[in-house]
Every structure is written in structure tokens, then in C-alpha cells.
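Summary of the model geometry
Here is what each chain is made of, one letter per residue.
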Amino acid sequence: MVNLHTLRRKTVNIVMLTITGLCTLFAAGTLVYILGYLFVHGATSLTWDFFTKLPTPVGEPGGGMANAIVGSGKLLLLASLFGIPIGFLGGVYLAEFGGSTFSFVVRYVTDLLNGVPSIVIGIFAYTMVVLPQKHFSTLAGGLALGVMMIPIAVRSTEEFLRAVPNSLREGAMALGASKARSILTVVIPAAKNGIMTGIMLNLARVAGETAPLLFTSFGNRYWSSGWEQPISALPVMIFTYAIAPYEDWHKQAWAAGFVLLTLVLTVNIIARAVLSKGRHVAR
Amino acid sequence: MAATPTTVTTSSGPARPVPGYWQRLRSGDEAAYVITFMAAAIILLITGMLVFELYTNSSVSRGKFGWDFLVTSTWDPVNDEFGALPFIYGTVVTSALALLLGIPLGVGAAIFLAELAPPRVSDALTFLIELLAAVPSVIYGLLGVFVLIPILRDIEPTLKAVLGWTPFFSGPFYGVSLFSAGVVLAVMIIPFIISISREVILSVPGDQREAALALGATRWETTWDIVVPYAKKGIMGSIFLALARALGETMAVTMVVGNDPKIKASLLAPGYSIAAVIANEFTEATGQLYTSALIELGLVLFALTIVINGMARLLIIGADKYKA
């Protein structure tokens, strides 16, 4: 009897361990599958023209997404100019000056903003910029992405500033530096790597955002000059091309997906390597 | 600013000239405080404006339909009849399906990675899985359209043979469907469930495990009866966070859900979600009421995710195991 009971427990043990192992295998397998599939389909669809040419009209083979690549770059630049200063300074406030009810509110609202679906941020940018101007623009897209960058910029800045040992602050102040000076010349430089990495990850995240751009920067099949015209972006092009019924466009979508994913994953891998290295040094 | 030698001298000495503006800024605690405080205040302002804009720009629709907007199932732009029910239904069904598929897989994998796998294997796999969380949603949509839907078409006969007697798996299957959207969402939320749940499980004190093992429990009994209940709140939190993500997910759902504003029992039928209808119809919306109705849908989605996110944070903070 006892042996039978033990046997049952041991069997359950092994079976359940195997099942959880299979779950893990499935999750990790998905990534390998996604990467493999995108790599095969994307890399084979990728040509040099993709980086240098404009999209061709329907039915005409060839062409590329040069305008979308530049467009994504311009949008990210605008987003950084808007989102990073606010996010960074807000993070400095929370880490160095915070502690009151106000910081609690800011932290809470930042998390709230982080949870807002990206499409809703798109509506916000639409009502703020597109409605008054009555036309889609690069500016509106940049604003949408910039708002999306703020929460993560705040939280990563705060986190890395907090990781700076207090002895550094005390040392600076003991030498006669004011609080502001110690933050500017000691604390922030000490946290520089982490903060920069956080910004890179943040950029990689918004670089793949599609939903907030659909009705802000809208898209453009040609070059967009200045900041007032609609502009094309890589993720929006993937969406447009993937749902279109043309075989040729699907290939372009794969190529664009491959380029976007390669960029995003490269940034993520480098960032993680930098962060884990920093952590070891800190220990 | 002129880099004069006086900047180097210390601030002692009564006869020192009044410092320049830049100097005061560099050493002025007040200035630093005010500047960073303003940035923090701007974040509050932006969030406040976001709510305000959603609210005021949906006023036409709110005024005309009132609360009935939420329970009306007609969506007829031609006759200016707008109701949110088909979209709320689609959003809830696809998210529920994602949780149904994602929770067992995600929590199972988290248990394996935290409790059973050797640390090195665990770290490597966790790294891989967290990369999945960084994949843009439009890429999931792309794979959904060209990879998942063909796979689902292949397994659809089997699915129907086994579950076809329920109303959920009846009727024709075109590929794009609520079911496809649910599966894509499940794949997207699994990394979130895994990475947060794993952290929570890892932070369960070691003596809990040792005590159970010392009493003769097997590895699995220790994990399932001791560690998991201990980490329950945090795991629930991770699930709520994943749910909030699934509810607000736009691109991947838009590309595979079928975009048909009808309420059908069958999961194999095409449906629609709140985020998807905003993405598809916003630029085409003609007339004030149409746009206003779409913005009100945005408001509904906003409210929904805020509530779910709030619950997730309460759970995770309550568990006090994981700093969000």
C-alpha cells in the first residue's frame, strides 16, 4: 500500500515536472520559430533596393522602403526630443528630491500612463495636433511616440539613480558640493551607462509601435519633407503591406519585418549585456 | 558662459562678486528642484490632458447615446447608429481566450524556470523568453496572418471533430477569427506572465522549500503545495498585467480578428475588438458623431485597462515581492 502511494506521488512528480518543462520548451520554441521564420522569409525577400528606393505602385515589382526607414528615424528623433527630457528630469526628481505624497502620485500616474494602450495615445496625439492643424503630420506621430517614451524613461532613470550608492552623494557633499552639483557631476555620471541603456531599450520599444501612428503620422508613399507632412514609418508599412492582397507586397512586408526585428532584438541583446555587466561590477 | 578662473575658486570670502546666472543654476538646489519638479508635474499634466481630451472629444457620442452605448450591438456608420457591444464582446472574448491558453503555459514555464531548471539553463531560457516580449506587435500580426492562420486552417477539422458539438466551435472557418486573435494574444502575453511570475516565485524564502522537502514532500509537492500558494498574489498580479496588455493590444488583433462587428457564439467566426475598430476606422470616419463614437470607444478601452492595471499593481504591491 505504502509503496503504491509512494509510486503514485513519484509518478505525479515526474509527470508534472515534465509538463512544466514542456511549457518552457514551447515558450522558448516560439521565439526560435519566429526568428527562424522571419529570418528565412525576411532575409530572402531583402534586397539592396529595400534600403535605397521608394515604394513602387501596385503591380510594379521592386522598390523599397527607404522613405519609411528615414521616416521611422525622424519620428524617433522627435519622440526622443519630447519624451526623454521630461522622462529623465522626472526620474531625477523621483530619485533625488522625491519622498512626499507628490512623488507617490507621480509614480502612480506614470505607471498608469505606461498601461494606457498605444492606440489611445494615438487618439490623444490626434486630438492635440491633427485636429487643430486639420492634417496628419510627422509632428503628431512624434508626439504620440514621445508620450509613450515618458513612463519608461522616468522609471529607468529613477531606478538607475537609486542604484548609485549614497556614499557617493555624501562624499560629494562632504567636499562642499551643493546637492544639485553632486547630482549633476557625481550621481548622474555614475548612473550614465544604465540610463543610456534604458533610453536605447525605450527607443527600441517605440520603434516597433504601429497603432499610435496610424492616424497621426498616417503614412506616405513618397519622401516627406519637414515636420508638417504625413510620413511613412517601418511598422506602419509592415501593417499596410501585410494586409494588402498582393504577393509582391507580402514579400516587402517580410523584408521590413526582418529589418525591424533585427534592429529591435540587437538593441535588446546589447542592452541586456551592458546591464548584466554593470550588475556584476556593482557586486 | 565664460569659463573664467573665478569659477574654480571656492565660494568662501565675503568680497566675492555675485555669481552669474549659469553658476547659480549649476550650484542652485532650488533651480534643480524646480526644473525636475516641473518635469514631474508635466507628466501629471499630460496624463490629465489625455483623460480630458478623450472625455471632451467623445461628448457628442456620449450625449446622444448615453450609457446605452455600452450595451447596443448595432454599428452602422451609414445611419449614424453606434453601439460598443460587439467590440467589447470581441475584446473580452479574445483576451479571455488568451488567458485560458496563456496562464497554464506561462505559469507552468515560470515554475519550471524558477524551481526546477538549473540556474544557468533558467537564465538562458529566461533571456530568450524576455526577448519575445520585445518583439513589436505588428510582427506578431505578420506572423499571425502568414503562419498561424494556415496552421489553424490545418487543425480546424480536428478541432471541430473534437469540440464541434459545442456552439463555440461551429460554423464556417475563414482563418481570420476570434480564435486566431486569442491564440496570437496568448503567444504575446506568455512572456509577461513568465518573467514576472518567475521573479515572484524566486523570491519565496528558501526555508519554505527546505521545510517541505525535509518533511518528505516530493519536488513537485513542494512547488505546488508550498511555493506556488506562497507566491499566489504575485502570480495573479502578473496575470492581470498580461490581461491589461491583451485588452489594449491593437495591431496583432486587427490583422487576424476578421473585423466584423457581429456578436456570434462561435469562436471560429470573425469578430472585432475595441482597439481594432479604432485602428481601422478612425481615418475613414466621416462626420462628428462617427469620430466621437470611436473616441468614446477609446475612453472605454482606457477605463478598462486602467481598472485592470490598478488591480494588478495592488496585487503585486500587496504581495510585496516584486517592485514594478
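The rules behind each value
- Residues numbered from 1 in each chain as written.
- Chains lettered and ligands numbered in written order.
- Predicted model: local features only at pLDDT ≥ 70, side-chain atom pairs only at ≥ 80, totals over all residues.
- Contact = placed C-beta atoms within 7 Å.
- Helix = DSSP H or I, 4+ residues; strand = E, 2+ residues; numbered from the N terminus.
- Nonpolar A, V, L, I, M, F, W, Y, C, P; charged D, E, K, R; others polar.
- pLDDT = per-residue confidence, 0-100.
- Axes fitted to C-alpha atoms, helices over the stretch in contact; angles between N-to-C directions.
- Left-handed = near helix turned anticlockwise from the far one by under 90°.
- Core = buried A, V, L, I, M, F, W, Y, C linked by C-beta atoms within 7 Å.
- Buried ≥ 20, exposed ≤ 12 C-beta atoms within 10 Å, placed from the backbone.
- Expected span 1.5 Å × (residues − 1).
- Bend = angle between axes of the 7 residues up to and from the residue.

Section: the interface of chain A and chain B
- Each partner contributes to the interface: chain A provides 72 residues, whereas chain B provides 72 residues.
- Elements that contribute at least two residues to the side of chain A that touches chain B include exactly α1 (2-45), α3 (66-97), α4 (101-115), α5 (118-133), α6 (138-162), α8 (179-190), α10 (234-243) and α11 (247-282) of chain A.
- If one sorts the elements of the side of chain A that touches chain B by residue count, α1 of chain A sits on top with 18 residues.
- Looking at the side of chain A that touches chain B, its residues break down into 50 nonpolar, 16 polar and six charged.

Things to note about the confidence of the model for chain B
Residue and element names in this part refer to chain B.
- Residues at a pLDDT of 70 or more form 90% of chain B, whose mean pLDDT is 87.
- Predicted confidence is poor over residues 1-13, with pLDDT under 50, and the contacts of this stretch with residues over four places away or in other chains come to four contacts.
- Note on the complex model: pTM 0.90, ipTM 0.91.

Observations concerning the packing of helix α4 (residues 85-116) of chain B against helix α10 (residues 232-248) of chain B
All names here are of chain B.
- Axis separation between α4 and α10 bottoms out at 10 Å; the angle between their running directions is 140°. The way α4 lies across α10 gives a crossing that is right-handed. Here Thr91, Ser95, Ala98, Leu99, Gly102, Ile103 and Val107 of α4 come into contact with α10, specifically with Ile235, Ile239, Ala242, Leu243, Ala246 and Leu247.
- Class assignment of the residues belonging to the contact of α4 with α10 gives a composition of ten nonpolar, three polar and no charged.

Overview of the nonpolar core
- If you look at the biggest cluster of nonpolar residues, it comprises 186 residues, and the most contacted ones within it are Ile238 of chain A together with Ile193 of chain B.
- For this core, the leading source of residues is helix α7 (residues 178-202) of chain B, giving 17 residues.

Regarding α5 of chain A
Residues and elements named next belong to chain A.
- End to end, α5 covers 22 Å across 16 residues, agreeing with the expected 22 Å (1.5 Å per residue, within 8%).
- Along its length, α5 shows its largest kink, about 40°, at Tyr126.
- Counting buried positions along α5 yields 13 of 16 residues, so the element is predominantly enclosed.
- After α5 finishes, the residue Lys134 shows a positive phi value of roughly 65°.

Here we look at α3 of chain A
Residues and elements named next belong to chain A.
- For α3, spanning 32 residues, the distance from its first C-alpha to its last is 45 Å, which sits close to the expected 46 Å at 1.5 Å a residue.
- Its axis deflected by about 30° at Ser80, α3 carries its strongest bend there.
- With respect to burial, α3 is a largely interior element, 25 of its 32 residues being buried.
- One or two positions beyond α3, positive phi appears at Gly99, with a value near 125°.

Concerning the environment of Leu304 of chain B
- When you line up the elements, Leu304 of chain B lands in helix α13 (residues 288-319).
- Residues Leu304 of chain B and Ile88 of chain B, 216 residues apart in the sequence, show an inter-C-alpha distance of 9.9 Å.

Some details on unusual backbone geometry
- One non-glycine residue, Phe218 of chain A, lies in the positive phi region at around 65°.
- Along the chain, the position of Phe218 of chain A falls in the loop between α9 (192-207) and α10.
- A residue is classified by how many C-beta atoms lie within 10 Å of it, and Phe218 of chain A, with 22 of them, is buried.
- Here the phi dihedral of Asn259 of chain B falls at roughly 55°; this positive angle occurs in a residue that is not glycine.

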